[in-house]
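Residue-level listing of the chains:
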Amino acid sequence: MKFCDLDIQYDLLKKDIDTQISTVLDHKWFVGGPEIAKLEEMLCQRVGSKYAASVSSGTTGLLVALMGLGVKRGDWVITTPFTFAATVGTIAFLGAKPLMVDIEEDTFNIDSKKVSSLLENPIDPATGEKIPSENIKGIVVVNLFGQCADFDSIRAAIGENRFILEDAAQSFGASNNGRFSCTLGDVAVTSFFPSKPLACYGDGGMIFTNNSFLHEKMKMMINHGQRKKYEHAIIGLNFRMDTIQSAILLAKAKPFFEKEIASRNLVAQRYNIGLFDLEHNGNIRLPIVKEENVSVFAQYSILVENGLRDALKTALADKDIPTAIHYPIPLHLQPAFSYLGYSDGDFPIAEKVSQKIISLPFDPYKTEEEILLVCRHIASFFMEHTAQTTVQ
Ligand SMILES: *Cc1c(COP(=O)(O)O)cnc(C)c1O
């Protein structure tokens, strides 16, 4: 079994994908070809955003969005320690400082109540000194594992004068109260990395906003700061998506919205049913999706209780069932971010979850048999373990 199998989708969509790719091979407009604008328009319509700018990856998208928002050395940007490194790395790369806030127990997304309490008394963890409130410029909110964070509460917590950047790398196609991810903050960035919910065949990403000024600025930053060729109004670099990736996404976007979001939820539902008893017995905790949310399950991740996560991972690997840990070390405990001055115990929920979490094999084409097989192996693992403890 593969952790995330890309074969079946390609077999199903091969004709459309190959046609799209060969169109690009024919016209040879490999950078900035017509497929780019077509894709931007199509995805804007799908999610309900005014503007979209394609970029070379989710990471470069976050970088461009932060630069577009004017984030610079000396600024502070609130974010979560329980995410992929790019969320925090892009803030730090610009010389700004990530100001971390712990996550919610149920969704693993940033906790808006803790954002509020942080803002009442913001302290630099490295010096112990108070951070001037006006230096805290905004927040990067991650929709972890495909579920949207609580943007209404986050907006209320940070006020109107700070930006919200939605890191939607894992949540493209998800929705909250009927609003699609990528429209929930001032600007949003998604990723089309091959294992993300909507994926291309290489690196790619997109930045969404309703702000025309910000959009124009970011478009220029993506392409050497130029509006016209060889006229550089501002400093920019090359953060462009290439045409072939956008062509592949043109073939994949329709089936993604019309079929795969539902299939992803069906696969998750089957796992929920197959693992129900184990949760009931207190061995694991299943993913919690809030009533107002539709998740795209970028990952199907469960919590393993009683310190058995690593043993379960090994047992499943022995049965040829691959799993992944998202994420084994929260970012405040990573060497790269040690200069920020955080220490073990600062974000107890993120730390606890990183010890317990495990992601199971997942893609929208996993069959009921495959899911049952995974569930059965998990069940026998716990049966063996429970038997051992009883004997002891
Ligand atoms: C994948 C991911 C990114 C980065 O996207 P890339 O396209 O791989 O650069 C950023 N943030 C989060 C939360 C991600 O999961």
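Within each chain, residue numbers correspond to sequence positions counted from 1 in written order. For this predicted model, a pLDDT threshold of at least 70 governs which residues receive local features, and a threshold of 80 or more governs which side-chain atom pairs are given and counted, while totals over whole chains, interfaces and linings are taken from all residues. Neither water nor hydrogens contribute to the side-chain values; these are computed over all heavy atoms in the structure.

Q: So what exactly am I meant to see when it comes to the layout of surface pockets here?
A: Sizing a probe to match a water molecule and rolling it over the atoms shows the empty space that remains. The calculated volume of the largest pocket comes to roughly 480 Å³. Method remark: on a 1 Å grid restricted to protein atoms, a set of points is classed as a cavity if a 1.4 Å probe fits but cannot get out and as a pocket if it is open with protein on both sides within 12 Å along at least five of seven lines; lining residues have an atom within 4 Å of a point. In terms of lining residues, the largest pocket is bounded by 27 residues, among which Phe-84, Gln-170, Phe-193, Ser-195 and Lys-196 are the most central. When residues of the lining of the largest pocket are traced back to their parent elements, those giving at least two are helix H3 (58–68) and helix H4 (85–93). Per-element tally for the lining of the largest pocket: the top contributor is H3, with 3 residues. Taken together, the residues of the lining of the largest pocket sort by class into 12 nonpolar, 11 polar and 4 charged. Grid points are joined across faces, edges and corners, and a volume is the space filled by probe spheres set on the points. Taken as a whole, the second largest pocket spans an internal volume of roughly 350 Å³. Along the wall of the second largest pocket there are 17 residues; nearest its centre are Gly-32, Ile-36, Lys-219, Asn-223 and Arg-240. In DSSP terms, a helix is any run of H or I states spanning at least four residues, a strand is any run of E spanning at least two, and both are numbered starting from the N terminus. Side-chain classes are defined by residue name, with Ala, Val, Leu, Ile, Met, Phe, Trp, Tyr, Cys and Pro counting as nonpolar, Asp, Glu, Lys and Arg as charged, and the others, Gly among them, as polar.

Q: So what exactly am I meant to see when it comes to the pairing of strand E2 (residues 76–79) here?
A: Along a regular strand, successive side chains alternate from one face of the sheet to the other. Burial along E2 is two-sided: Trp-76 and Ile-78 facing one way and Val-77 and Thr-79 facing the other are all buried. Relative to strand E3 (residues 97–100), E2 runs parallel, the two being bridged by 4 bridges. Counterpart to Thr-79 in the pairing with E3 is Met-100. Handedness of a crossover is defined as follows: orient the strands so they point away from the viewer, and if the path from the first strand over the helix to the second runs clockwise, the crossover is right-handed. You can see the chain leave E2, run along H4 and come back into E3, and the turn it takes is right-handed. A pair of strands is considered paired only if DSSP assigns at least 2 bridges between the two. Two elements, E2 and strand E4 (residues 136–142), share 3 bridges in a ladder whose sense is parallel. Across the sheet, the residue bridging to Ile-78 is Ile-139, located in E4. Per-residue accessibility, obtained with a 1.4 Å probe over protein chains only, is compared with the maximum for each type, and a residue is labelled buried under 20%, exposed over 50%, and partly exposed between these values.

Q: Would you mind showing me how to read helix H7 (residues 212–222) here?
A: Within the span of H7, buried status applies to Leu-214, His-215, Met-218, Met-220, Met-221 and Ile-222. The secondary structure elements touched by the buried residues of H7 are strand E1 (51–55), H3, strand E8 (187–191), strand E9 (205–209) and strand E10 (226–228). The opening residue of H7 is Asn-211, an N-cap whose side-chain oxygen sits 3.0 Å from the backbone nitrogen of Phe-213. Of the residues flanking the end of H7, it is His-224, one or two places downstream, whose phi is positive at about 60°. In what follows, residue pairs with any heavy atoms lying within 4.5 Å of each other are defined as contacts. Two N or O atoms form a polar contact when they lie within 3.5 Å of each other; inside protein one atom must be a possible hydrogen donor and the other a possible acceptor, and for residues adjacent in sequence the pair counts only when both atoms belong to side chains.

Q: Any chance you could explain the site of the ligand here in plain terms?
A: Around the ligand, a shell composed of 14 residues is seen, among which Gly-58, Thr-59, Gln-170, Ser-191 and Lys-196 lie nearest. Interatomic distance of 2.6 Å between a side-chain N/O atom of Ser-191 and an oxygen atom of the ligand. Only the protein chains shown count as cover for residues, and the accessible areas themselves come from Shrake-Rupley with a 1.4 Å probe. Protein contacts shield 93% of the accessible area of the ligand, which totals 380 Å² for the unbound molecule. Contributing elements (two or more residues each) for the shell around the ligand: H3 and H4. A total of 3 residues in the shell around the ligand trace back to one element, the largest contributor, which is H3. For the shell around the ligand, the residue count by class is 5 nonpolar, 7 polar and 2 charged. The rule for a residue being near a molecule or strand is that one of its heavy atoms must lie within 4 Å of it.

Q: What's the story with the pattern of salt bridges in this structure? I'm lost.
A: When the charged atoms of two side chains with opposite charge come close together, those side chains can pair. Salt bridge criterion: a side-chain nitrogen from Lys or Arg within 4 Å of a carboxyl oxygen from Asp or Glu. For the structure on display, the rule yields 18 salt bridges. For Arg-155, the salt bridge identified is with Asp-186, shortest N-O distance 2.9 Å. Of this pair, Arg-155 sits in helix H6 (residues 151–158) while Asp-186 sits in the loop between strand E7 (179–180) and E8, placing them 31 residues apart in sequence. Using a relative accessible area of 17% as the deciding quantity, one classes Arg-155 as buried. A relative accessible area of 32% places Asp-186 in the partly exposed class.

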